[in-house]
Structures are given as structure tokens and as C-alpha cells.
Amino acid sequence: MRASLIQIGADEGESVESRRCRVASLVRAEAGADLVVLPELWTTGAFAYERFATEAEPLDGPTYEAMAKAASDAGVWLHAGSIPERDPEGPLYNTSLVFSPAGELVAAYRKIHRFGFDKGEAVLMGAGTELVTVSLPGTTVGVATCYDLRFPELFRGLVDAGAETIVVSAGWPERRRAHWTLLARARAVENQAYVLACGTAGTHAGVPQAGHSIVVDPWGEVLAEAGGGEEVLRVEFEPAKVGETREQFPALKDRVLGVAVPPRRD
């Protein structure tokens, strides 16, 4: 499987409309890939809290339209990162969109773990409640967003739902970059799954971004890692390696906590 992680530089001074058009062009340029991944909140910037409400859009808004067309034009599965979603009957959400090569919206994931410690995203956006997986040819993809990476139980839930490849879109800050790569590798090792983690470059509301998008295999080996600026990280990986790894080293079968234990029969 060929994947392209587009590490977008979301610097201030570029309008949302201009960035949306530019990113659509970047997606089209990846025709030939099987899966293209974008970062979290790339339209506004993950730390531009004051813009969430003004830039929020419905699920079928302008980003949806631009990304659906880009996916269709390129003929790729597209994880279009996340947008500030405005639910007409509720709060804002940090929502990831996944499109098929036909440009159809096949999944929307509302971020479950909101970052901010009683400020920022944690108070401005609602929390999602549902895990999301998407069946692609050859692999089942689990969807997670940024701060979710710190909560291993979410990833266990995705694995229980059949995930073999986990895509994480993020706007991770540079000052905690070491955590970003460490946690991406940990989630891959403990779940014996591929992790494709796509972050942003540039600066969001004065917060330098980590960049360093990363692809990790089920043994925790780094297959590819980006630098700190805007770039496209391209990698080929073999989905069958997940099943082979889980068979060779069947650690998941030894799970005890968090697993339903059948009643004892004497």
C-alpha cells in the first residue's frame, strides 16, 4: 500500500480559502497513492482557538466539497484531517473526514479526547463518543486525532473493532515533539498495528508545530519520518505484516484487563 502524509504548513497570513485550494492541489498531486492523509485542523490551526467559532463549518461545508473533489480527481482514499465542525443542533466538534476514491464521505470521527485542561479546545468543542474504523482494500483503518494518542484504551478499542492500520492526524506542538514520536511507536508496538501519524508544520497562533510526521510498523520500526517543514512524506507498507506479526508474537491473545472474561464454570 502506498501512503502519502501531507505535512501542511499552516502559518498565519494565509487565508482559509487560499489554504483550502492549495491543499486540494497537493492532494491531486498524490494521484497514484492508495491513501493520502492530512493533519488536524489545518484550515484554522490547532491552537487558533479564537478562530474556531468563526471558521467552523457544517459537515458538508466548503472543506468537505473541496476534499471530496480532490479525492475523486486523484482517485485516492483521503483522510482529510479534521475541521471545526458546527453541528446545527449542538456544540462545535473537532471532526475528521474520510473520503473514498469516488469522493464519497465514508466516515466522520469526532475527536473524543479534547486538549486544553479546562481551556481552549476542551471548553470550546464537544467530545465525540464513537470509535471509527474504515474498511480499505487490504486493511481496516482506525481513526484517531492528536491528543487521543495519549490514551491507549482508545487504540485498544480500535483494534477490537478490527483496526490494523491507525491514522492519527495532529497539530502537535514542537515543545513536546519527543512525546509525539515516542507515543506513535508505543501505540504501534502495543497494538501490533501500523501507525500513520500526520502533523502540521509552521506556527499556530504563536505555537510552533512539531512536524515530523511518522509511519511506524507493527514491530515499532520507523519506516519514514518527515522533517520540521511543509513536505509530503511518502511510504510503502505491507498490510499483511500486521497479521504475520500478531501470529509470530501473539501478545494480544494474552490480554486480561479490559477484556470480557467468560464466567467460571465449576
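Cut-offs and rules
Residues numbered from 1 in each chain as written. Predicted model: local features only at pLDDT ≥ 70, side-chain atom pairs only at ≥ 80, totals over all residues. Heavy atoms only, no water. Pairing = 2+ DSSP bridges. Helix = DSSP H or I, 4+ residues; strand = E, 2+ residues; numbered from the N terminus. Axes fitted to C-alpha atoms, helices over the stretch in contact; angles between N-to-C directions. Disulfide = S-S within 2.5 Å. Buried < 20%, exposed > 50% of the residue type's maximum accessible area, 1.4 Å probe, protein only. Expected span 1.5 Å × (residues − 1). Contact = heavy atoms within 4.5 Å. Phe/Tyr/Trp six-rings, centres within 6.5 Å; stacked < 30°, edge-to-face > 60°. Lys NZ or Arg CZ within 6 Å of the ring centre and 35° of its normal.

Participant: How should the sheet that holds strand β1 (residues 2-7) be read in this particular structure?
Facilitator: Across a sheet, paired strands are connected by hydrogen bonds in the backbone, their directions being either parallel or antiparallel. The mixed open sheet is built from six strands, whose spatial order is β5-β4-β3-β2-β1-β14. At either margin of the open sheet sits one strand with a lone partner, and together these are β5 (105-110) and β14 (231-236). In this sheet, adjacent strand axes meet at a mean angle of 25° when their direction is disregarded.

Participant: How should I be thinking about the sheet that holds strand β13 (residues 222-225) in this particular structure?
Facilitator: Strand order in the open sheet formed by six strands is β6-β7-β8-β9-β12-β13, and the pairing between neighbours is mixed. Either end of the sheet is taken by a strand with one partner, and the two such strands are β6 (133-136) and β13. Going from strand to strand, the sheet's axes swing by 15° on average, the running direction of each strand aside. Relative to β13, strand β12 (residues 214-216) is paired through three bridges, and the arrangement is antiparallel.

Participant: I keep staring at the environment of proline 88 and nothing clicks. Help me out?
Facilitator: In this fold, proline 88 is placed in the loop between β3 (77-86) and β4 (92-99). Separated by 123 residues in sequence, proline 88 and glycine 211 have C-alpha atoms that sit 33 Å apart.

Participant: Which parts of the structure should I look at to understand the state of the cysteines?
Facilitator: A covalent bond between the sulfur atoms of two cysteines is referred to as a disulfide. Under the counting rule described, the total for this entry stands at zero disulfides. Just so you know, cysteine 21 is unpaired, no disulfide at all, and the nearest cysteine sulfur is the one on cysteine 198, 19 Å from it. Residue cysteine 21 is classed as exposed on the basis of its relative accessible area, which comes to 53%. Left without a disulfide partner, cysteine 198 is nearest to the cysteine sulfur of cysteine 146, which lies 11 Å away. When its relative accessible area of 0% is taken as the criterion, cysteine 198 is described as buried.

Participant: Sorry if this is basic, but what is going on with unusual backbone geometry here?
Facilitator: The backbone of phenylalanine 117 sits at a positive phi, close to 55°, despite the residue not being glycine. Position of phenylalanine 117 relative to the elements: it lies in the loop between β5 and α4 (121-124). Its identity is not glycine, yet cysteine 146 carries a phi of approximately 40°, on the positive side. Along the chain, cysteine 146 falls in the loop between β7 (139-145) and α5 (152-160). With relative accessibility at 8%, the residue cysteine 146 sits in the buried group.

Participant: Where do I start with helix α3 (residues 62-74) in this structure?
Facilitator: Since the α-helix turns once every 3.6 residues, residues separated by three or four places project in the same direction. With 13 residues, α3 should reach 18 Å at 1.5 Å per residue; the first-to-last C-alpha distance of 18 Å fits that figure. Every buried residue of α3 is listed here: Thr63, Ala66, Met67, Ala68, Ala70, Ala71 and Ala74. Those residues of α3 that are buried lie in contact with α1 (16-28), β3 and β4.

Participant: Whenever I open this one, the packing of aromatic side chains confuses me. Can you help?
Facilitator: Geometrically, a pair of aromatic rings is defined through the distance of the ring centres and the angle of the planes. One pass over the structure, following the stated rule, counts 11 aromatic pairs. A centroid spacing of 5.7 Å and a plane angle of 80° characterise the contact between tyrosine 49 and phenylalanine 52, whose relative ring orientation is edge-to-face. Taking the relative accessible area as the measure of exposure, tyrosine 49 reaches 24% and is therefore partly exposed. Judged by centre distance (5.1 Å) and plane angle (85°), the ring pair of tyrosine 147 and phenylalanine 151 falls under edge-to-face. Judged by its relative accessible area of 14%, tyrosine 147 falls in the buried class. Members of the aromatic cluster, connected to one another through ring pairs, are Phe47, Tyr49, Phe52, Phe115, Phe117, Tyr147 and Phe151. For the cation-ring pair, arginine 110 lies above tyrosine 93, with the distance from its terminal atom to the ring centre recorded as 3.8 Å.

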